[in-house]
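# Summary of the model geometry
What follows is the residue order along each chain.
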Amino acid sequence: MNEATRYIIYGAGGIGGSIGARLFQRGYDVVLIARGAHFRAIEEQGLRFVTPIQDVRIRMPTTDHPRHVDFRDGDVAILCVKSQHTESALNDLYAAAGDDIPVACCQNGVANERMALRRFRRVYGMNVMVGGVHLDPGEVFNSGENPAGMLDIGCFPSGVDKLAENIAEALTDAGFSSLPDPSIMGQKYGKLVANLGNAVQPVCGDDASEVLALLREEAAECYRVAGIEWIDMRTFMAGRESSSQRLRSIPGHERPGGSSWQSIQRGTGNIETDFLNGEIVQLGRLHGIPTPANVVMQRLGNRVASEGLPIGSFPTEAVLQMIDAERAQQA
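Attention here is on the structure that accompanies the text. (Residues numbered from 1 in each chain as written. Predicted model: local features only at pLDDT ≥ 70, side-chain atom pairs only at ≥ 80, totals over all residues. Heavy atoms only, no water.)

## Things to note about helix H8 (residues 209-226)
Within an α-helix, residues lying three or four positions from one another point in the same direction, as the helix has 3.6 residues per turn. When the terminal C-alpha atoms of H8 are compared, their 26 Å separation across 18 residues agrees well with the 26 Å that a helix rising 1.5 Å per residue should span. Positioned one or two residues after H8, Gly227 has a phi angle of 75 degrees, which is positive. (Helix = DSSP H or I, 4+ residues; strand = E, 2+ residues; numbered from the N terminus. Expected span 1.5 Å × (residues − 1).)

Structure follows, in structure tokens:
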């Protein structure tokens, strides 16, 4: 264990809360940064951390803003906020800690690292493959076990250094599978393809395999034209079968949906589709590639979140018709 390192977990939801809890349980120095009712619940009662083999309350250092952290040499910030909150989170972290603190972007999407590099010297990408759930204040569920999830890490834009190796070692010690990867962004671009379906569940609420296929086909074409190297997550997981996360049931707490579905259930009013489907839309516009399916999914995902529409407000057939209409407009 690298005892000189303190992990500042910025964003204590399903992912950050799971990472912070498991690191703390293994004796690492951890500070959680949470918000609102979630922070107040943790401060008053500790974090309820539930996995297939434990249901405990953990009292660990927790605050609601970086300005309340007494930053010191050896701190590492693991950024676990949703991508739509990255800009404000980085502003607050920079004001409180300066530009020398290492920042590991443990987030979906591929835009966060670029945002972080504008302010911080040392930025790391971390590919998130963790079955985390956060729906109620003060509670986090992690359905992975042995390992608890996969969190490979590498320098941004590429490479591996001693700190990346130390972080991977700590995460592995805490129960995750974590390897240093000098081409970590190839993993993250592959994970982005998988995450293009995050908005589909709240938008369609039913089987939408045809929509999913269109979303991912557009991404692959954009990557091809833009010259982006990426790793298909199915191939990646097959190659890591012995160390890939094993999702197990938690009695009474089955994992109901992905991160966007959880955001909508918590009534946040926003989801990260601008940094998932919107990333493909942006690539398409930069390189002249039509992306009607991702345009429609971005538009509808934002509507469901911001307008508080019921889950499944747009059946698959209606979405396919909208995609056809958008395709004709982009032609």
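There's more to say after this.
## Quick word on the side chain of Thr63
Looking at the secondary structure, you find Thr63 in strand S5 (residues 62-63). Aside from chain neighbours lying at most four places away, what touches Thr63 is Val31, Leu32, Ile33, Ala34, Phe39, His68 and Val69. (Contact = heavy atoms within 4.5 Å.)

## Observations regarding the nonpolar core
Counting residues in each nonpolar core, the largest one holds 55 residues, and the members touching the most others are Val103, Val211 and Val319. Top element by residues in this core is helix H12 (residues 292-307). It accounts for six residues. Discounting residues that sit within four places of it in the chain, Val319 has contacts with Val203, Cys204, Val211, Val296, Met297, Leu300 and Phe314. Tyr28, Val140, Leu151 and Ala174 belong to the second largest nonpolar core, which has 39 residues in total. (Core = buried A, V, L, I, M, F, W, Y, C linked by side-chain atoms within 4.5 Å. Buried < 20%, exposed > 50% of the residue type's maximum accessible area, 1.4 Å probe, protein only.)

## Concerning the sheet that holds strand S2 (residues 29-33)
One open sheet holds the seven strands; their spatial order is S5-S2-S1-S6-S7-S8-S13, and the pairing between them is mixed. Every other strand in the sheet has two partners, leaving S5 and strand S13 (153-155) as the edge strands with one partner each. (Pairing = 2+ DSSP bridges.)

## Here's the deal with the pairing of strand S7 (residues 103-106)
Burial along S7 is two-sided: the residues Val103 and Cys105 and Ala104 and Cys106 are all buried. Handedness of the crossover joining strand S6 (residues 75-79) and S7 through helix H3 (residues 86-97): right-handed. Strand direction decides the pairing type here: S7 and strand S8 (residues 123-126), joined by four bridges, are parallel. Counterpart to Cys106 in the pairing with S8 is Met126. (Right-handed = clockwise from strand over helix to strand, strands pointing away.)

## Looking at the packing of aromatic side chains
The final tally for this structure, using the stated rule, is four aromatic pairs. On the basis of an interplanar angle of 90 degrees and a centroid distance of 5.3 Å, the ring pair of Tyr189 and Tyr223 is categorised as edge-to-face. Within this pair, whereas Tyr189 is found in helix H6 (residues 184-195), its partner Tyr223 is found in helix H8, the two being separated by 34 residues in sequence. The pair Tyr189 / Tyr223 is uniform in exposure class, with both members buried. An angle of 65 degrees between the planes, with centres 5.4 Å apart, marks the rings of Tyr223 and Trp230 as edge-to-face. Tyr223 sits in the buried class, given a relative accessible area of 1%. Feature note: the residues Tyr189, Tyr223 and Trp230 constitute an aromatic cluster, connected by ring pairs. (Phe/Tyr/Trp six-rings, centres within 6.5 Å; stacked < 30°, edge-to-face > 60°.)

## Digging into the sheet that holds strand S10 (residues 132-133)
Pairing is mixed in the open sheet, where four strands are placed in the order S4-S3-S11-S10. The open sheet has two edge strands with one neighbour each: strand S4 (54-58) and S10. Judged from the five bridges that link them, strand S3 (residues 47-51) and S4 form a sheet pairing that is antiparallel. Across the sheet, residue Arg48 finds its bridge partner in S4, namely Arg57.

## Notes on the environment of Val123
If you trace the backbone, Val123 turns up in strand S8. What makes Val123 buried here is its relative accessible area of 3%. Residues Val123 and Ala238, spaced 115 residues apart in sequence, show a C-alpha to C-alpha distance of 28 Å. Ignoring anything within four residues of it in the chain, the contact list for Val123 reads Val103, Cys105, Glu113, Ala116, Leu117, Cys155 and Phe156.

## Topic: the pattern of salt bridges
This model, assessed by the stated rule, comprises 17 salt bridges. Two residues, Glu87 and Arg119, come together in a salt bridge whose shortest N-O distance is 2.4 Å. On the criterion of sequence distance, the pair formed by Glu87 in helix H3 and Arg119 in the loop between helix H4 (112-117) and S8 is long-range, its members being 32 residues apart. The exposure class assigned to Arg119 is buried, which follows from its relative accessible area of 17%. Across the pair Glu113 and Lys188 runs a salt bridge, and its minimum N-O distance is 2.6 Å. Remark: Lys188 occurs in helix H6 and Glu113 occurs in helix H4; sequence separation between them is 75 residues. On the accessibility criterion, Glu113 (0% relative accessible area) is buried. Connected through salt bridges with shared partners, the residues Arg6, Asp29, Arg72 and Asp75 form a single ionic network. (Salt bridge = Lys/Arg side-chain N within 4 Å of Asp/Glu carboxyl O.)

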